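Survey of secondary and tertiary structure
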Amino acid sequence: MGTNMRSRASDYGIFSLRTFIFFIIGKQAFAQIRYVVPEEVKEGSIVGNVAKDLGLDVTLLTSRRFRVVYGSKDAFFDVNQDTGDLVLRQKIDREELCDGSGACLMELKILVENPLEMHYVVVEISDVNDHSPKFPEEAQVFEIFEQTLSGASFQLHAARDPDAGSNSIRTYSLTSNEHFELDIRQSDEEKIPFLVLKKPLDREMRSNHLLYVTALDGGKPQRSGTLNISVTVLDSNDNRPKFSQEVYQIEIEENAPIGISIFKVNATDPDEGLNCQLEYSLGKTLKKKVYDNFDLDKITGEIRVKGGIDYEENDVYKLDIEASDKGTPPLTGECRLVIKIKDINDNSPKIEITSLSNTVCEDSKPGTMISLISVKDKDSGLNGKVLSSITSDVPFELKPSYKENIYSVVTKTTLDRENISHYEITIKASDCGEPPLTNFKTLHIKVTDINDNSPRFLESPINVYLTENNLAGSSIFSVSATDRDVNANAAISYYIMRKENQKDVLSFLNVNSENG
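Residues numbered from 1 in each chain as written. Predicted model: local features only at pLDDT ≥ 70, side-chain atom pairs only at ≥ 80, totals over all residues. Heavy atoms only, no water.

Turning next to the overall build of the chain. Counting secondary structure elements, the chain contains four helices and 34 strands. Looking at the chain as a whole, 41% of its 516 residues qualify as buried. A separation of at least 24 residues holds for 64% of the contacts in the chain among residues at least 6 apart in sequence. Element-wise, carbon and sulfur atoms account for 48% of the exposed surface of the chain, whose accessible area totals about 29,200 Å². (Helix = DSSP H or I, 4+ residues; strand = E, 2+ residues; numbered from the N terminus. Buried < 20%, exposed > 50% of the residue type's maximum accessible area, 1.4 Å probe, protein only. Contact = heavy atoms within 4.5 Å. Areas by Shrake-Rupley, 256 points an atom, 1.4 Å probe, with all protein chains shown as cover.)

What follows is the structure, encoded as structure tokens:
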């Protein structure tokens, strides 16, 4: 790292270099560095001196066209060719860039030329506690029968906090009271609060209870959000709807037809009359994509596909389903339906040319790199495994990089411009799905000339007969030669080879150097 990197880290107090990996493959050099930068850092902040960390000569950065190669995403970073610093071009919002609590990583490609080198820089965007927990609604109302037994639980709205790790929701608290307590249950990656009745209610003593639930995150300083709970104590209907399972799990293929029925939930209620007539509904705190893609029939409990299901966008959906009777007050039961999406081969591979030289010299040695390509397929498993090859009959081949689906296009034999001066290299990328999907990309390469051919006369030797008494300056015959090279390499000059002190007919002759 060096003193310079340590001083920069102390100046800004936000960056750290985690990993430095260096690879050499053939004559091509590849390196990978890992930095960590917090979100919301101001534009222009320095992440680190990537040139020094890669061991590059800072004075040659401009001439070697030191730069960041961007893909399809927004350009959040750039490099300073004068100093070699990697700098932020715009402020980063981790929650907007990455969904979920996992590591938020951005991979950058750093390219230098003369010679051509590709280096990989991984920047991890660390979370800061810039969001407070928030409930989907400010208040939640419950109507509870006064004869409800102790231990009954009522699911509360779960708060959401876009922050990750320790900055996400850690616990819930409830205002002190004599009838209720809080039970926090872990469901997959989130905590679900439940209001638990610890002491039976008496409507005649008190018909309404006002409580406050507070969601707390683990950040420093700690942030919180509050939910107002109103409990109205009523009579009748003392049995809750009940599902046969707490969690159901099914699997459907992506691109399932809109309107198709995928599952039917069913709850039972031992009460009679209105108290056992049930209506089904989706929970109010689900992700927006659940409401966009699925529809629940409130009478039959049948679940149908409502929107486009794409495995590459979301591979699992979790639906919280509530069954409510028509009693007074209505009682509810809950279950969860986990829908796993099965990937199908609906994305063809994409071939991306990262760096391309459209010329190659005919004296290039076998193994000379002329292009760097990457292949991507958004599918998973075998559907996303890509096989790449050159289909045209050309003296070039693909050489894989240490990184999967990165290839170099290199010469495999010597070239001769005089035989073939231009090549069309067709690259084929096919996935391993069933049926496989294929994509093609054609590179146009021009072979440049070197002076590797000598001039040739049309005939040799040439017999010429002269009569005596010719006038000086008269044209007596003409010679012509050709050269298979082009441009300056094919320009021919003519001259007569004379020997010193030679006195014969050659001493009386001159040749036009340009036309022979």
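So, next bit.
A separate point is a nonpolar patch on the surface. Taken together, the side chains of Ile462, Val464, Leu466, Ile476 and Phe477 make up a nonpolar region of the molecular surface, amounting to roughly 370 Å² of accessible area. On the secondary structure map, Ile476 appears in the loop between β33 (456-457) and β34 (481-482). In this structure Ile476 comes out as partly exposed when scored by relative accessible area, which is 32%. (Patch = residues over 30% accessible without salt bridge, like charges linked within 9 Å, V, L, I, M, F, W, Y side chains within 5 Å. Salt bridge = Lys/Arg side-chain N within 4 Å of Asp/Glu carboxyl O.)

Looking at the chain, the pLDDT average stands at 82 and 90% of residues meet or exceed 70. Counted against residues more than four places away or in other chains, residues 1-29, with its pLDDT under 50, gives 60 contacts. (pLDDT = per-residue confidence, 0-100.)

Quick look at the sheet that holds strand β3 (residues 46-49) now. What holds strands together in a sheet is hydrogen bonding between their backbones, with the strands either parallel or antiparallel. Pairing within the open sheet is antiparallel, and its three strands lie in the order β3-β6-β5. Each end of this open sheet is capped by a strand with a single partner; those strands are β3 and β5 (77-79). The sheet shows a mean angle of 20° between the axes of neighbouring strands, taken without regard to direction. Two elements, β3 and strand β6 (residues 85-88), share three bridges in a ladder whose sense is antiparallel. Considered in β6, the bridge of Ile46 is made with Val87. (Pairing = 2+ DSSP bridges. Axes fitted to C-alpha atoms, helices over the stretch in contact; angles between N-to-C directions.)

With that settled, consider the environment of Val128. For Val128, the position within the fold is in the loop between β8 (117-126) and β9 (139-145). Take Val128: its relative accessible area is 27%, and that puts it in the partly exposed class. Measuring from C-alpha to C-alpha, the distance between Val128 and Gly165 comes to 9.6 Å, with 37 residues separating the pair along the chain.

Overall, the coordinates contain 16 salt bridges when judged by the stated rule. Linking Glu107 and Lys403 is a salt bridge whose minimum nitrogen-to-oxygen distance equals 2.9 Å. Residue Glu107 is located in strand β7 (residues 105-112), and its partner Lys403 is located in the loop between β29 (396-400) and β30 (406-411); the two are separated by 296 residues in the primary sequence. On the accessibility criterion, Lys403 (23% relative accessible area) is partly exposed. Note that Glu190 and Arg160 form a salt bridge whose closest N and O atoms lie 2.5 Å from each other. With Glu190 in strand β13 (residues 190-197) and Arg160 in the loop between β10 (153-155) and β11 (169-174), the pair connects residues that are 30 residues apart, well separated along the chain. Its relative accessible area of 36% is what places Arg160 among the partly exposed residues. One salt-bridge network, in which partners are shared between bridges, spans Arg160, Glu190, Asp320 and Arg336.

Our next topic: the nonpolar core. Among the nonpolar cores identified, the biggest contains 27 residues, and Val50, Phe66, Phe77, Leu86, Val121, Val123 and Ile125 are the most heavily contacted of them. Counting residues per element, the ones that place at least two in this core are β2 (28-38), α2 (50-54), β5, β6, β7 and β8. When residues of this core are assigned to their parent elements, the largest contribution, four residues, is made by β7. The residues touching Phe66, leaving out its near neighbours within four places in the chain, are Val50, Ala51, Leu56, Leu61, Val79, Asn80, Gln81, Gly84, Ile110, Leu111 and Val112. Of all hydrophobic cores here, the second largest spans 26 residues; its members include Ile250, Leu296, Ile303 and Ala323. (Core = buried A, V, L, I, M, F, W, Y, C linked by side-chain atoms within 4.5 Å.)

The next thing to look at is the packing of aromatic side chains. Applying the stated criterion to the full structure yields eight aromatic pairs. In this structure, Arg185 packs its charged tip against the face of Phe194, placed 3.8 Å from the ring centre. (Phe/Tyr/Trp six-rings, centres within 6.5 Å; stacked < 30°, edge-to-face > 60°. Lys NZ or Arg CZ within 6 Å of the ring centre and 35° of its normal.)

A regular strand carries its side chains on alternate faces of the sheet. Here β6 shows a buried face lined by Asp85 and Val87 and a second buried face lined by Leu86 and Leu88. Across three bridges, the pairing between β5 and β6 is antiparallel. Within β6, the position partnered with Phe77 by the bridge is Leu88. Two successive antiparallel strands, β5 and β6, enclose a turn made up of five residues, where Gly84 displays a positive phi of approximately 85°.

Attention now goes to the environment of Thr268. Following the sequence through the fold, Thr268 ends up in strand β19 (residues 267-268). In the structure, Thr268 is positioned ten residues away from Leu278 in sequence and 8.2 Å away in space, judged by C-alpha atoms.

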